Amino acid sequence: MSVTRKASTRWTGDLQNGSGVTSFVSSGLPDTSVTWAARANEPEGKTSPEELIAAAHASCYSMALSAGLGKAGHAPEEILTEASVDFKPGTGITGITLAVHATVPGIGSDEFAEIAEATKDGCPVSQALKAVPITLEATLG
């Protein structure tokens, strides 16, 4: 069964001076403002496509890692994933770093590293973003 999620952005004005509002149609989360200045410089309380990608990647990776660890017989206590998406104006998204710290009783560091790396390559958002270099920093604690 397929599931579809929706979001929309209404943009007014030109790129440099315009602004937009992103609406999370499926979830009903609060609307979020977007501007070029917030994307290319400091956020100043606004979001960007790259931050939205980072949020999607962090949540997807955490879920996928939990599933992979569970399949290997290791129930995680906690997984904290931070995704950093690098954007260079005029070039685009140049790289993504996933930094994960997990507490997983009974797993060795080599097995954890193997599952974490396989998850980096296999999570659905990683698959959608495979045109961009993705690096992983995984720690077990």
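Residues numbered from 1 in each chain as written. Predicted model: local features only at pLDDT ≥ 70, side-chain atom pairs only at ≥ 80, totals over all residues. Heavy atoms only, no water.

1. A few points about the sheet that holds strand β2 (residues 19-23)
Line of reasoning, step 1. Within the open sheet, the three strands sit side by side as β1-β2-β3. Their pairing is antiparallel. Where the open sheet ends on each side, the last strands, each with one partner, are β1 (8-12) and β3 (32-34). For this sheet, the mean inter-axis angle between neighbouring strands, taken without regard to orientation, is 25°.
Line of reasoning, step 2. Relative to β2, β1 runs antiparallel, the two being bridged by five bridges. If you follow T9 over to β2, its bridge partner there is T22. (Pairing = 2+ DSSP bridges. Helix = DSSP H or I, 4+ residues; strand = E, 2+ residues; numbered from the N terminus. Axes fitted to C-alpha atoms, helices over the stretch in contact; angles between N-to-C directions.)

2. A look at the nonpolar core
Line of reasoning, step 1. In this structure, Y61, L65, L69, I79, I96, I107 and F112 are the most contacted members of the largest nonpolar core, which totals 23 residues.
Line of reasoning, step 2. Only α2 (49-71), β4 (78-88), β5 (92-103) and α3 (109-122) provide two or more residues apiece to this core.
Line of reasoning, step 3. Counting residues per element, this core draws most heavily on α2, at six residues.
Line of reasoning, step 4. If sequence neighbours within four positions are ignored, I79 has contacts with S62, L65, S66, L69, V100, H101 and A102. (Core = buried A, V, L, I, M, F, W, Y, C linked by side-chain atoms within 4.5 Å. Buried < 20%, exposed > 50% of the residue type's maximum accessible area, 1.4 Å probe, protein only. Contact = heavy atoms within 4.5 Å.)

3. A closer look at the packing of aromatic side chains
Line of reasoning, step 1. Using the criterion set out here, one finds one aromatic pair in the structure.
Line of reasoning, step 2. Seen in terms of ring centroids, W36 and F87 are 6.0 Å apart; in terms of plane orientation they differ by 80°. Their pairing is edge-to-face. Of this pair, W36 sits in helix α1 (residues 36-40) while F87 is found in strand β4, placing the two residues 51 residues apart along the sequence.
Line of reasoning, step 3. W36 gets classed as buried once you look at its relative accessible area, which sits at 17%.
Line of reasoning, step 4. It is R39 that lies over the ring of F87; its NZ or CZ is 4.4 Å from the centre. (Phe/Tyr/Trp six-rings, centres within 6.5 Å; stacked < 30°, edge-to-face > 60°. Lys NZ or Arg CZ within 6 Å of the ring centre and 35° of its normal.)

Function cannot be read off these values alone, since they describe shape.
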